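Topology and contacts: notes
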Amino acid sequence: MLTIAEIGQAHDGSLGMLHAYIDAVARTGAKAIKFQTHIADAESSIHEPFRVKFSKQDATRFDYWKRMEFSREAWVEIGKHCAEVGLIFISSPFSNAAVEVLEHAGVQQYKIGSGEVTNFLLLKKVIDTKKPIIISSGMSSFDELEKSVQFLKKHKADFSILQCTTSYPTQPEQYGFNVISELKERFKVPVGFSDHSATVSAGIAAVALGAEILEFHVVFDREQFGPDVSSSLTMKQAKQLVDGANAISQALQNPVDKTDNSAFSELKSIFEKSLSVNKALKKGATITFEDLEAKKPKGFGIDAANYQSVIGKKVAKDLDQWDFLTESSIVSE
């Protein structure tokens, strides 16, 4: 089970904050940490309209991406820090230039954001690194995914796909859990779930439904500034999710055989019950349903499961209240 804590822009351009996130994520038990690698000049322009006015300190979205940048040397240190705390270093590049920076930094896996799935130029650049690739399906139709998958397979890429809904925070009716099995059936590759619901339950459910990779956004505090804060988990929630996802994954890998209950033989002998009488009965009395009780343990009287076999029979000797009802207690016919 690959659990990935997504930092995204939660660091808000602070390198110190980013390193603090690495340490915090390591404590959640997540196996991997994912960043976004932005180089504004290579990926965007002043004409990008999306969320232009969402930040009071950035006049344009382009300015925001500039503020989210880190130097080539900084990325090297980020990679080293991830290795020191045992986290798999993953990042989403948004330009070919970003791929070159990440290669220099020793990134271990690449994530392709949903807006880049049809960017075959970027895909080819990433494929050429020979590193595992995780594709997010958020904004893609099956037809678009089909083209991208064909491109990836043509170039013999090692890749997986995440069911993702590009809505922040994602509402239950938008989770698209059904797509997990559909992606597996269509593309025959590992499939996971990229969650933006800010809940622990959605990720747990996705794993139970077969997600092999679980990605989720994290933030130190839900009062922080940032575009993904409303769809992020706190570190405490992240640990709960990781623990739960790992447990569910382990359970799915260990199916229980309900045709064989031999392991419970000793317990069954203790907890299953034998028939007894709930009142004193004189020799010759006819046994009725109302005369019977079932008492632990099994094996001291007729099995409680066979109570019908004694109804209407006569007792062969005087019985005290709570005596077990055995074969010798009943007149044989």
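Residues numbered from 1 in each chain as written. Predicted model: local features only at pLDDT ≥ 70, side-chain atom pairs only at ≥ 80, totals over all residues. Heavy atoms only, no water.

As named in an unreviewed UniProt entry, the protein chain is N-acetylneuraminate synthase, taken from Cochleicola gelatinilyticus.

The next point concerns the environment of Pro93. By secondary structure assignment, the location of Pro93 is in strand β3 (residues 88–93). Along the backbone, Pro93 and Glu116 are 23 residues apart, and their C-alpha atoms lie at a distance of 9.2 Å. Excluding anything up to four places from it in sequence, Pro93 contacts Thr37, Ala98, Val99, Leu102, Tyr110, Lys111, Leu122 and Val126. (Helix = DSSP H or I, 4+ residues; strand = E, 2+ residues; numbered from the N terminus. Contact = heavy atoms within 4.5 Å.)

Further remarks concern the pattern of salt bridges. A side chain with one charge can pair with a side chain of the opposite charge if their charged atoms come near. All told, the structure shown has 15 salt bridges when counted by the stated rule. Across the salt bridge formed by Glu100 and Lys125, the nearest N and O atoms sit 3.1 Å from each other. Residue Glu100 is found in helix α5 (residues 96–105), and its partner Lys125 is found in helix α6 (residues 120–127); the two are separated by 25 residues along the sequence. What makes Glu100 partly exposed here is its relative accessible area of 44%. In this structure, the salt-bridge partner of Lys131 is Glu103, at a minimum N-O distance of 3.1 Å. Of this pair, Lys131 sits in the loop between α6 and β5 (133–136) while Glu103 is found in helix α5, placing the two residues 28 residues apart along the sequence. (Salt bridge = Lys/Arg side-chain N within 4 Å of Asp/Glu carboxyl O. Buried < 20%, exposed > 50% of the residue type's maximum accessible area, 1.4 Å probe, protein only.)

Most of strand β2 (residues 32–37) is tucked away: 6 of the 6 residues are buried. With burial as the criterion, each face of β2 is covered, one bearing Ala32, Lys34 and Gln36 and the other bearing Ile33, Phe35 and Thr37. Pairing between strand β1 (residues 2–8) and β2: 4 bridges, direction parallel. For Glu6, the partnering residue across the bridge sits in β2 and is Lys34. Remark: the β1/helix α1 (residues 15–28)/β2 crossover connection has right-handed handedness. As defined by bridge partners, β2 adjoins β3 across 6 bridges and the pair is classed as parallel. (Pairing = 2+ DSSP bridges. Right-handed = clockwise from strand over helix to strand, strands pointing away.)

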